[in-house]
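Reading the structure
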Amino acid sequence: YTMETGRFINAGAGWNTFKFRHPFEGVPVLTVTPKEFSGFCEIKNVTAEGFLYCLRQPSLQGGSATKGTVTTATGYIARTPARHPVTVRSPMFPV
């Protein structure tokens, strides 16, 4: 399978687009973790090329979430299901 890891800076409040360095062969499994931010990252529309993300801050009003408005580094891991030998694309593990 193929894996890509990395970090990016939030592009701003609301939904933003992130593109992988290289497209995957299929839709990857994706995990996004905000760093130095007391909230979470919502993702949608994951494709082989990238995904949409939005930083959210929990709100005590009715359990709803509000748009994140801070700039934060965000880490991600994306991988396709295991079918072939592992290929890792990461600045820490050059291919």
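Numbering of residues starts from 1 in every chain and runs along the sequence as written. The model is predicted, so local features are restricted to residues of pLDDT at least 70 and side-chain atom pairs to those at 80 or more, both for listing and for counting; the totals for chains, interfaces and linings are taken over all residues. Remark: hydrogens and water are excluded; side-chain values derive from all non-hydrogen atoms of the structure.

For the rest of this paragraph, the subject is the environment of Asn45. A run of H or I in DSSP becomes a helix once it reaches four residues, and a run of E becomes a strand once it reaches two; helices and strands are each numbered from the N terminus. Relative to the elements of secondary structure, Asn45 occurs in the loop between β4 (40-44) and β5 (50-58). When accessible area is computed with a 1.4 Å probe and restricted to protein chains, residues below 20% of their type maximum are described as buried, those above 50% as exposed, and intermediate ones as partly exposed. Judged by relative accessible area, Asn45 falls into the exposed class, the value being 52%. Asn45 sits 28 residues away from Thr17 along the chain, and the two C-alpha atoms are 9.7 Å apart. If sequence neighbours within four positions are ignored, Asn45 has contacts with Gly50, Phe51 and Leu52. Every residue pair with non-hydrogen atoms within 4.5 Å of one another is taken to be in contact.

Salt bridges are identified by distance alone: a Lys or Arg side-chain nitrogen within 4 Å of an Asp or Glu carboxyl oxygen. Under the counting rule described, the total for this entry stands at 1 salt bridge. The shortest N-O distance in the salt bridge between Glu42 and Arg56 comes to 3.0 Å. Taken together, the residues span a long stretch of sequence, with Glu42 in strand β4 and Arg56 in strand β5 at a distance of 14 residues.

What follows concerns the packing of aromatic side chains. Here a pair means two rings of Phe, Tyr or Trp (six-membered ring of Trp) with centres within 6.5 Å. Their orientation is stacked below 30 degrees between planes, edge-to-face above 60, and tilted elsewhere. A full pass over the atoms with the stated rule returns 11 aromatic pairs. Put simply, the rings of Phe8, Phe18, Phe20, Phe24, Phe51, Tyr53 and Tyr76 touch in pairs and so form one group of aromatic residues. Either the NZ atom of lysine or the CZ atom of arginine qualifies as a charge over a ring when it sits within 6 Å of the ring centre and within 35 degrees of the ring normal. It is Lys44 that lies over the ring of Trp15; its NZ or CZ is 4.2 Å from the centre.

Let us look at the nonpolar core. In terms of nonpolar packing, the biggest core is built from 14 residues, with Phe8, Phe18, Phe20, Leu30, Val32, Phe51 and Tyr76 touching the most fellow members. Elements represented by at least two residues in this core include exactly β3 (29-34), β5 and β7 (73-79). The greatest single-element share of this core, amounting to 3 residues, is contributed by β5. We call a set of buried Ala, Val, Leu, Ile, Met, Phe, Trp, Tyr and Cys residues a nonpolar core when their side-chain atoms join them within 4.5 Å.

Our next topic: the pairing of β4. Both faces of the sheet carry side chains from a regular strand, because those side chains alternate between them. Two strands pair when backbone bridges link them, and β4 and β5 are joined in this way by 5 bridges, in the antiparallel orientation. For Glu42, the partnering residue across the bridge sits in β5 and is Cys54. By the convention used here, strands pair only if DSSP detects at least 2 bridges between them. Between β4 and β5, which pair antiparallel and follow one another directly, the connecting turn spans 5 residues, one of which, Asn45, has a positive phi of 50 degrees.

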